[in-house]
Structures are given as structure tokens and as C-alpha cells.
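Here are the chains, one letter per residue:
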Amino acid sequence: TVNGQTGVWRTLSHAEWNYLFDHYAYKYTSVNGKSGLVIAPAGKTVEDISVYTADAWATAESNGFVFLPNTGYREKDTNIYETDISCIYWSSTINEENKPYRQFFQWKGSDLDKSFTDANDCWRGIGIRLVTDVK
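1. Some details on unusual backbone geometry
Logical step 1: One non-glycine residue, Asn32, lies in the positive phi region at around 55°.
Logical step 2: Looking at where Asn32 falls in the secondary structure, it is placed in the loop between strand 2 (26-31) and strand 3 (34-39).
Logical step 3: Look at Glu82: it is not a glycine, yet its phi comes out positive at around 60°.
Logical step 4: Within the fold, Glu82 resides in the loop between strand 7 (80-81) and strand 8 (86-94).

Below is the structure:
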């Protein structure tokens with residue numbers, strides 16, 4: 001339940017995360033001072049923009065572009081690490097031990113590392129990206 005809405009919002013599965021990055025254009029860039037990945041909607045490409053201002057992003061977002069900001073991660077302490085390079089989001093897919101997997105994106109200079117790891121460490125503070133199905 002999110003803001004009183006039950007059954008509207010959910011997290012992506014492992015297969016959905018992989019489909020997204022295998023079938024849509026994306027680029028590591030900055031939006032309003034925050035680094036992360038910009039994903040283009042179907043049939044569009046990611047423009048050669050290295051930094052989106054608030055106005056430029058408002059236009060891109062209204063045209064269906066999505067931004068996944070760097071999240072970093074939190075260990076057992078209260079520190080948050082790698083907010084400058086790592087986008088880490090939970091997946092709704094669970095493993096044989098009934099624990100969620102996490103999807104890990106890390107920009108490595110010129111390419112995207114798309115790891116999908118077993119999350120035996122569910123205590124780790126990792127971001128979530130809520131989505132809703134298009135009707």
C-alpha cells in the first residue's frame with residue numbers, strides 16, 4: 001500500500017529489469033545535479049545531453065523519459081556508500097530461500113555493469129523503484 005493505494009504500485013522483477021536494459025536506450029548522465037541513468041521510451045533515443053537542467057528534464061520526462069538516480073547502499077552502520085557511482089534497486093523476484101534478489105547497476109566509465117545478485121544480506125539498505133502498470 002502506497003499513499004493509501006493498494007495493488008497499484010509494485011517493484012520490477014528480474015526479467016523486467018533485464019528487458020528494460022536490453023530493449024531501451026539509456027545513458028549515464030546528470031539530472032538537476034544528481035547522477036544516474038536516463039532511459040528513453042520506446043522508439044526514442046537518449047539525446048546527447050550530458051547534463052539535464054530542471055527545465056530540460058521536465059521536457060524529457062513529459063516525453064516519457066525515466067531517471068534512475070544513483071542510490072548507493074547502506075551497510076549495517078548508518079553510512080551510505082557509492083552514491084557517486086552505484087544505482088542499486090531491489091527486484092521483486094525471490095530466490096529458492098524466499099529472499100529477494102537485487103539488481104545492481106554501476107557505471108564503469110564507458111559501460112553499464114548490470115549485475116543481478118542473490119541478496120542473502122537483506123539487511124542492506126538498497127533503493128526501490130515503484131512502478132505501475134500502463135493501462
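Further notes follow.
2. Here's the deal with the nonpolar core
Logical step 1: Formed by Leu12, Trp17, Leu20, Phe21, Tyr28, Leu37, Ile39, Leu68, Cys87, Tyr89, Leu112 and Val131, the largest nonpolar core amounts to 12 residues.
Logical step 2: When contributions to this core are tallied by element, the ones reaching two or more residues are helix 1 (14-23), strand 3 and strand 8.
Logical step 3: In terms of residues, this core owes the most to one element, helix 1, which gives 3 residues.
Logical step 4: Grouped together as the second largest cluster of nonpolar side chains are 9 residues, Val31, Trp57, Ala60 and Phe65 included.

3. As for a nonpolar patch on the surface
Logical step 1: Residues Val8, Trp9, Ile128 and Leu130 make up a contiguous nonpolar surface patch of roughly 330 Å² in combined accessible area.
Logical step 2: Within the secondary structure layout, Trp9 lies in the segment before strand 1 (10-11).
Logical step 3: For Trp9, a relative accessible area of 37% corresponds to the partly exposed category.

4. A closer look at the packing of aromatic side chains
Logical step 1: For the coordinates displayed, the defined rule picks out 7 aromatic pairs.
Logical step 2: Geometrically, the ring pair formed by Trp17 and Phe21 is stacked, given 6.5 Å between the ring centres and 10° between the ring planes. Separated by 4 residues within a single helix, Trp17 and Phe21 lie in helix 1, roughly one turn from each other.
Logical step 3: Accessibility expressed as a relative area gives 5% for Phe21, which makes it buried.
Logical step 4: Taken together through their ring pairs, the aromatic side chains of Trp17, Phe21, Tyr26 and Tyr89 make up a single cluster.

Cut-offs and rules
- Residues numbered from 1 in each chain as written.
- Predicted model: local features only at pLDDT ≥ 70, side-chain atom pairs only at ≥ 80, totals over all residues.
- Heavy atoms only, no water.
- Helix = DSSP H or I, 4+ residues; strand = E, 2+ residues; numbered from the N terminus.
- Core = buried A, V, L, I, M, F, W, Y, C linked by side-chain atoms within 4.5 Å.
- Buried < 20%, exposed > 50% of the residue type's maximum accessible area, 1.4 Å probe, protein only.
- Patch = residues over 30% accessible without salt bridge, like charges linked within 9 Å, V, L, I, M, F, W, Y side chains within 5 Å.
- Areas by Shrake-Rupley, 256 points an atom, 1.4 Å probe, with all protein chains shown as cover.
- Salt bridge = Lys/Arg side-chain N within 4 Å of Asp/Glu carboxyl O.
- Phe/Tyr/Trp six-rings, centres within 6.5 Å; stacked < 30°, edge-to-face > 60°.

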